Amino acid sequence: MHQEGSVQFLRYHQGGSVRGVAFNPKDRYLFCSCAYDGKVNLYSAQRFELLMSYQITTMSLARNVNAVRFTSDGTRILATTTARRLAVIDIEHGEQLISYDNCAFNGRDRTGLAVDPICPNMAVCCCVNGKGLSLFDLRMPLPLDFIYDLHPNIIRDVTFLNNSWPWVNGQNALLSVSTDGICKVTTLQGRNLHTIEANHGCCTVAPTPELYGSAVEDGFSSVVMLGGDMVSAYIPDAGIQETLTDHGDTFIWKLRYTSSGSTLYTACDKGVVRRYRRYPDRHQYLGEVYAHKNDIEDMDISPYDECILLLCYVVGVLSSHI
């Protein structure tokens, strides 16, 4: 049974719109946000309060923060700025541990930033021109590597892909999607392993969270969901098998599965979050979860699927028990 709770708005960013939100993978109630005021804020979703605020820099050229993520061990926050900088913050002491210059995309919208779910020291973000990727080993003082001009257009989302997927062959791989609807699977060295064409504009990508093929006995295929002008479901060796058009002409900014992969949430323009139940052969539309007057450009779900974190100019926390 699914029950929806109330929405709490947290208005702690001053002088700039919020650009990114993320839950801590190790603490079920800890989350952060970044905004154009140059700050990364840390909150408790249990008490709905601000715990700490980190000023990335005092330089006016680097004040705008356009993406944020926790490392997989939950001890550090990564934030990219429009000054092409990646900053690494220690959440316990509130100190900036290291920063990497001239390595991140400076677009005003949310940009691609991802961390390795297994290795807490590996991270990737969109590089300076937005069409390639910058890779980081957070133990090193300089970026690990650059993958230049991976896409012909701006990359809008990137994530690490589990090595159980068929194209990967047991090695670490990245899944990136650009505005023209091209999604690429690449090694950390930049070798292209597979290309998916969505045939529509894209802004977000979300593979199902289970190990590839682990739910076949129950009839479920592992899929890659691509969102933008519409939502498409891609199955390896079968192609695009489903499109979700319940959003009409509104643009989809973010796709997120729950931890079990049983439910898909979509966040889009006109401030609407929609929910789909995943079945072996389709995703069934269950209706709107929440609507807001502002566009919702980012979204995350807590590790135990208890809360949905929304970005709608301010930060909103929606209690959601599955």
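Here the structure is a predicted model, which means the values were calculated and not measured.

Procedures and definitions
Residues numbered from 1 in each chain as written. Predicted model: local features only at pLDDT ≥ 70, side-chain atom pairs only at ≥ 80, totals over all residues. Heavy atoms only, no water. Helix = DSSP H or I, 4+ residues; strand = E, 2+ residues; numbered from the N terminus. Rg over C-alpha atoms; globule rule 2.2 N^0.38 Å. Buried < 20%, exposed > 50% of the residue type's maximum accessible area, 1.4 Å probe, protein only. Contact = heavy atoms within 4.5 Å. Areas by Shrake-Rupley, 256 points an atom, 1.4 Å probe, with all protein chains shown as cover. Lys, Arg positive; Asp, Glu negative; His and termini not counted. Charge placed at Lys NZ, Arg CZ, Asp CG, Glu CD. Polar contact = N/O pair within 3.5 Å; in protein donor to acceptor, adjacent residues only side chain to side chain. Phe/Tyr/Trp six-rings, centres within 6.5 Å; stacked < 30°, edge-to-face > 60°. Pairing = 2+ DSSP bridges. Axes fitted to C-alpha atoms, helices over the stretch in contact; angles between N-to-C directions. Salt bridge = Lys/Arg side-chain N within 4 Å of Asp/Glu carboxyl O. Disulfide = S-S within 2.5 Å.

## Details of the overall build of the protein
Line of reasoning, step 1. When helices and strands are tallied, the protein shows zero helices and 28 strands.
Line of reasoning, step 2. Against the globule reference of 20 Å for 322 residues, the protein gives a C-alpha radius of gyration of 18 Å, in line with a compact fold.
Line of reasoning, step 3. Dimensions of the protein, computed from C-alpha atoms along their principal axes, come out at roughly 50 × 45 × 35 Å.
Line of reasoning, step 4. Taking all 322 residues of the protein together, the buried fraction comes to 58%.
Line of reasoning, step 5. Considering only residue pairs separated by 6 or more positions, the protein has 47% of its internal contacts joining residues 24 or more positions apart.
Line of reasoning, step 6. Within the structure as shown, the protein displays about 13,200 Å² of accessible surface, and the carbon and sulfur contribution to it stands at 46%.
Line of reasoning, step 7. Here the protein contributes 27 positive and 34 negative side-chain charges, whose respective centroids are spaced 5 Å apart.

## A word on the side chain of Ser232
Line of reasoning, step 1. Among the secondary structure elements, Ser232 is positioned in strand S20 (residues 231-235).
Line of reasoning, step 2. What makes Ser232 buried here is its relative accessible area of 1%.
Line of reasoning, step 3. There is a polar contact of 2.7 Å between the side chain of Ser232 and the side chain of His200.
Line of reasoning, step 4. The contacts of Ser232, once residues within four sequence positions are left out, are Ala198, His200, Val224, Met225, Leu226, Ile240, Glu242 and Thr243.

## A few points about the packing of aromatic side chains
Line of reasoning, step 1. Across all of its chains, the model carries ten aromatic pairs by this definition.
Line of reasoning, step 2. Residues Tyr12 and Tyr43 carry aromatic rings whose centres are separated by 6.1 Å and whose planes lie at 50 degrees to one another, so their mutual orientation is tilted. Here Tyr12 is found in the loop between strand S1 (3-10) and strand S2 (18-23), whereas its partner Tyr43 is found in strand S4 (residues 39-44), with 31 residues between them in sequence.
Line of reasoning, step 3. We classify Tyr12 as partly exposed; its relative accessible area is 35%.
Line of reasoning, step 4. Ring centres 5.0 Å apart and planes at 45 degrees place the aromatic pair Trp165 and Tyr212 in the tilted group. Taken together, the residues Trp165 in the loop between strand S14 (155-161) and strand S15 (173-178) and Tyr212 in the loop between strand S18 (202-207) and strand S19 (224-228) connect sequence positions 47 residues apart.

## What about the pairing of strand S17 (residues 192-197)?
Line of reasoning, step 1. Bridge count between strand S16 (residues 182-187) and S17: five bridges; the pairing is antiparallel. Bridging from a neighbouring strand, Val185 pairs with His194 of S17.

## Digging into the sheet that holds strand S6 (residues 65-70)
Line of reasoning, step 1. Read across the open sheet, the four strands follow the order S6-S7-S8-S9; overall the sheet is antiparallel. The outermost strands of the open sheet, each flanked by one partner alone, are S6 and strand S9 (95-100). The sheet shows a mean angle of 20 degrees between the axes of neighbouring strands, direction not considered.
Line of reasoning, step 2. Where strand S8 (residues 86-90) meets S9, five bridges bridge the pair, whose relative direction is antiparallel. Among the inter-strand pairings, Ala87 is bridged to a residue of S9, identified as Ser99.

## Re the pattern of salt bridges
Line of reasoning, step 1. Summed over the entire model, instances satisfying the criterion amount to ten salt bridges.
Line of reasoning, step 2. Of the charged contacts, one joins Glu288 and Arg274 as a salt bridge, the two residues approaching to 3.8 Å between their closest N and O atoms. Of the two residues, Glu288 sits in strand S25 (residues 282-291) while Arg274 sits in strand S24 (residues 272-279), which places them 14 residues apart along the sequence.

## With respect to the sheet that holds S24
Line of reasoning, step 1. The strand order across the open sheet formed by four strands is S22-S23-S24-S25, and the pairing between neighbours is antiparallel. Every other strand in the sheet has two partners, leaving strand S22 (252-257) and S25 as the edge strands with one partner each. Geometrically, the sheet is characterised by an average inter-axis angle of 25 degrees between neighbouring strands, direction not taken into account.
Line of reasoning, step 2. Sheet topology places S24 next to S25; eight bridges connect them, and they run antiparallel. Opposite Arg277, over in S25, you have Gln284 as the bridge partner.

## Here we look at the state of the cysteines
Line of reasoning, step 1. Enumeration over the complete set of coordinates arrives at zero disulfides.
Line of reasoning, step 2. We note that Cys125 lacks a disulfide partner, and the nearest cysteine sulfur, in Cys103, lies 5.2 Å from it.
Line of reasoning, step 3. Judged by its relative accessible area of 1%, Cys125 is buried.
Line of reasoning, step 4. Of all cysteine sulfurs, the one in Cys183 lies closest to Cys202, which takes part in no disulfide; the gap is 7.7 Å.
Line of reasoning, step 5. Its relative accessible area of 2% is what places Cys202 among the buried residues.

## Examining the environment of Tyr43
Line of reasoning, step 1. Of the residues examined, Tyr43 reaches a relative accessible area of 0% and is grouped as buried.
Line of reasoning, step 2. In terms of polar contacts, Tyr43 uses its side chain to reach the side chain of Ser33, at 2.9 Å.

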